[in-house]
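Examining the three-dimensional arrangement
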Amino acid sequence: MTAPIAGEVCAPLRYTHSKVQLFRFGAVSWNSHRIHYDTAFAVSEGFADVVVQSTLHGETLSRHALAWAGPDARLLAVSWRNAATATADEPLTWTATVRSVTDSGSGSDSDGGVRVSLDVSIVKEDGTPCVTGTVELSVR
């Protein structure tokens, strides 16, 4: 990866979450709420289908940022705010813009890279933001 620069727009990534993925993520994260695996129940609660877990959105923000940054990147921090509900099989797009790039210093805890701050979001097909947040990475 070439050194990122502030203002750089990362290539967007389109994806969907399957019902099986939502069920499995609920199992490993101990989130057993029925809106995440039972379609009939989710519909009875006013949703179009089973709902993507908020923590899965956070994982997705982080995973795609790390993939963008390359194999030597390390996750330092992630924060996000849910703005709209996403459901199984709904087309979503991960987007990110480099907010800042700073030297990570030369101290004993430095990995010789730079600290990259990304403004990230997950948007629906119509452009509605589902999630907005930031991801902080160390990139070498």
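Residues numbered from 1 in each chain as written. Predicted model: local features only at pLDDT ≥ 70, side-chain atom pairs only at ≥ 80, totals over all residues. Heavy atoms only, no water.

Burial of nonpolar side chains together is a common tendency in soluble globular proteins. In this structure, Leu61, Trp68, Trp94, Leu118, Val120, Ile122 and Leu137 are the most contacted members of the largest nonpolar core, which totals 30 residues. Counting only elements with at least two residues in this core, the list comes to helix H1 (19-28), helix H3 (54-69), strand E3 (92-103), strand E4 (114-124) and strand E5 (129-139). (Core = buried A, V, L, I, M, F, W, Y, C linked by side-chain atoms within 4.5 Å. Buried < 20%, exposed > 50% of the residue type's maximum accessible area, 1.4 Å probe, protein only. Helix = DSSP H or I, 4+ residues; strand = E, 2+ residues; numbered from the N terminus.)

It is worth spelling out the side chain of Thr60 at this point. By the secondary structure assignment, Thr60 is in helix H3. Overall, the relative accessible area of 0% leaves Thr60 in the buried class. Aside from chain neighbours lying at most four places away, what touches Thr60 is Tyr15, His17, Trp94 and Ile122. (Contact = heavy atoms within 4.5 Å.)

Taking burial as the measure, the 11 residues of E4 include eight buried ones, the bulk of the element. With 11 bridges joining them, E3 and E4 adopt antiparallel strand pairing. By the bridge assignment, Val101 is partnered in E4 with Val116. Where E4 meets E5, 10 bridges bridge the pair, whose relative direction is antiparallel. Note on E5: the bridge partner recorded for Ser121 is Thr132. (Pairing = 2+ DSSP bridges.)

Mean pLDDT over the protein stands at 92; residues scoring 70 or higher make up 93%. The secondary-structure element of the protein with the lowest mean pLDDT is H1, recorded at 93, while E4 shows the highest, at 97. (pLDDT = per-residue confidence, 0-100.)

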